[in-house]
Amino acid sequence: MRLLFRPRDPKYVGEGTLPFGTFDDTKKWLPITRYLEKGAEMFPDKTMFRVADRDGNITGSYTYKETNEWANRVANGLIKHVGVKKGDKVGMYMLNCAEYVISIIGIHKSGGVQVPINKDEKGERLAYIINHSDMVALIIDQDSIPFVRDVADNLEKLKFVFVTGDPKDVPDSIGKIKALPFTMFNDFSSENPGVDVTIADVERCMFTSGTTGMPKGVVRDHGGVIMTVRSYLQQQGVRSGDVLMSVLSLGHANAQVMCLFSAMGAGATAVFYPRFSASSFWKWAAECGATVANMLGAVAEYLWAAPPSEWDRKHKIRIMLGSPAPKNLEEFQERFGVRVIDGYGSTEMGMVLWKDPEDHRPGSSGYPMEGYYVELRDPQDTTKIVRTFWDPYENPTPPDEAKGLLFIKPLIPHTTLNEYFKDPRRTREAFDDEGFFNSDDIFARGVDGRFYFVGRHSRIRVSGENVDPIAVQDIAMRYPGIQEAIAVGVRLPNVSDDEIKLCITLKPDAKFDPVEFCKWMAEIAPVFMVPRFIEIYPEGFPVTATQKIKMAELKEITDNTWDRIKVGLKFSARK
């Protein structure tokens, strides 16, 4: 297929060129590491990526040549020491660091399939991901050792754990699993391993929120990387002179594809920070010379709420992807001197909708990207297409008859979800007979042709993480005293993400302390799954005349709703 790389207004385009072209001819696409290899030959001394420590100090800088050679050592080590073959799974479980970047690239080069694990997974869910993915090796940082050790006796197929940091601090084993220092890869060849990897080969198995209590593995090919990289370079105007900055975890597709891989595809530079800090974000941006950055979830609200700083406009960031864009878009852009572009994507499909930087119409997610066909369908009967258009200029709120589930049909092979790993039932449910994927998100389409995000149908999104309500309910039901549990998403005013409200009934004579419950849940589940709101329904959940639960009432915050934030109970993700 031949695509069209859209021109951009020069003020939205970075300095430099696109040394590897615009990726318009899909027949000529190569895995992203091939462009790294080309960069190592064309501009070996140019900085490929940099990493910072937890205080925001840049601690490492690596050229295209150094990055390629280090990744080759990791790839060759995985092939020769671990025995990784094409399609074998290799996991990563750590905070952003240089070794994380190199591991991703090295796994690609070995022909392996990367399995990035959310840094906040622990216990039963962590063991499930490691076992279910069939990974043969796992790369972790020092801080992750206790979490792996806690589940080591339950790990069935894992052969090796490689640990970053000082080799003297690496144990000989973690449980029954052989542990080795990451530095052992330095002993292997820096030459390209020469594995024949194509865009049709599997690139990742990335675990996202599950519908049966456990995460599900999203399997995608190398073509999906190039698809999103191409769109990102086009829509954000990225060029070789840009510096792409990310404060998001490399365990997510955003930091990988729209920072690391997009930098490779443009011959640009990427900079990674291990955490987000609203008070330091713009200072870090100025210090690293960032020109492009991304926001997810409530990041925009946190940045806006931070006290005004001398760094608010001292940076060089030209353009930011906001998914979603801040509610007070014009004020945000004026305060920080940036252009924020909205878009919509998912782990399964990549970036499906994207707004043009020249389009200053607020509130929409833009238009479908080339390579996708989309349509809206009735949430109650997904065989019916929603054809009602509404005029967002006359009425900012779409009527119910204009709202529909976004269904997506990929038009280019090897660019979107292949399957949910070892879950044929869930894979069948995700697609209809015509190959349309159900996004589980509600949109409306305006008479202007733009798509406007309305809300989520069943999923909840907390702190940029997709959370399945059934998974929250399953965990809650394990707590002594809880009879029934229903988790719902609550959208507070002027906040982009949801908050979880847990609605419960109790067993006869049971005692329930919400503080103790939240502490218990934070010990066994990622902190983003711990509910903010809890309400007990002594008489049972409200129901209709036909005995259906009134979900709209459950989403209400009442005088009986307990608020974790009001009692000062907060939990922090790993930093």
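Residues numbered from 1 in each chain as written. Predicted model: local features only at pLDDT ≥ 70, side-chain atom pairs only at ≥ 80, totals over all residues. Heavy atoms only, no water.

**Student:** So what's going on with the layout of surface pockets? Which residues, and what values?
**Tutor:** By volume, the second largest pocket amounts to about 1,300 Å³. Taken together, 39 residues make up the lining of the second largest pocket; nearest its centre are Y302, S463, V527, F571 and A573. Residue classes in the lining of the second largest pocket are distributed as 18 nonpolar, 8 polar and 13 charged. (1 Å grid on protein atoms, 1.4 Å probe; cavity = no way out; pocket = protein on both sides within 12 Å on 5 of 7 lines; lining within 4 Å. Points joined across faces, edges and corners; volume = space filled by probe spheres on them. Nonpolar A, V, L, I, M, F, W, Y, C, P; charged D, E, K, R; others polar.)

**Student:** Which residues make up the pairing of strand β27 (residues 499-506), and what are the values?
**Tutor:** Within β27, 6 of the 8 residues are buried, leaving the element largely enclosed by the surrounding structure. Examined bridge by bridge, strand β26 (residues 482-490) and β27 share 8 bridges and lie antiparallel to one another. Within the sheet, the bridge partner assigned to V488 lies in β27 and is K501. Tracing the backbone out of β27, into helix α13 (residues 514-524) and back to the parallel element strand β28 (residues 533-536) gives a crossover that is right-handed. (Buried < 20%, exposed > 50% of the residue type's maximum accessible area, 1.4 Å probe, protein only. Helix = DSSP H or I, 4+ residues; strand = E, 2+ residues; numbered from the N terminus. Pairing = 2+ DSSP bridges. Right-handed = clockwise from strand over helix to strand, strands pointing away.)

**Student:** Hey, could you go over the sheet that holds strand β19 (residues 381-385) for me, with residue numbers and the actual values?
**Tutor:** Pairing is antiparallel in the open sheet, where 5 strands are placed in the order β19-β18-β20-β22-β23. Two strands lie at the open edges of the sheet, namely β19 and β23 (451-456), each paired on one side alone. Going across the sheet, the axis of each strand differs from the next one's by a mean of 50 degrees, ignoring polarity. For strand β22 (residues 437-445) and β23, the ladder comprises 5 bridges, and the chain directions are antiparallel. Considered in β23, the bridge of R445 is made with F451. (Axes fitted to C-alpha atoms, helices over the stretch in contact; angles between N-to-C directions.)

**Student:** Kindly report on the packing of helix α3 (residues 98-110) against helix α7 (residues 253-266), identifying the contributing residues and their values.
**Tutor:** Look at α3 against α7: their axes get within 12 Å of each other, and the N-to-C directions meet at 70 degrees. Here α7 runs roughly perpendicular to α3, going by the angle between their axes. The handedness of the crossing between α3 and α7 is right-handed. Two secondary-structure elements touch here, α3 through V101, I104, I105 and H108 and α7 through Q256, L260, F261 and M264. (Parallel < 35°, antiparallel > 145°, perpendicular 65-115°, else oblique. Left-handed = near helix turned anticlockwise from the far one by under 90°. Contact = heavy atoms within 4.5 Å.)

**Student:** Got a sec to walk through the environment of E124? Specific residues and values, please.
**Tutor:** Following the sequence through the fold, E124 ends up in helix α4 (residues 123-132). On the basis of relative accessible area, E124 is assigned to the partly exposed category, the value being 46%. Separated by 27 residues in the primary sequence, E124 and V151 have C-alpha atoms spaced 7.4 Å apart. If sequence neighbours within four positions are ignored, E124 has contacts with M214 and R478.

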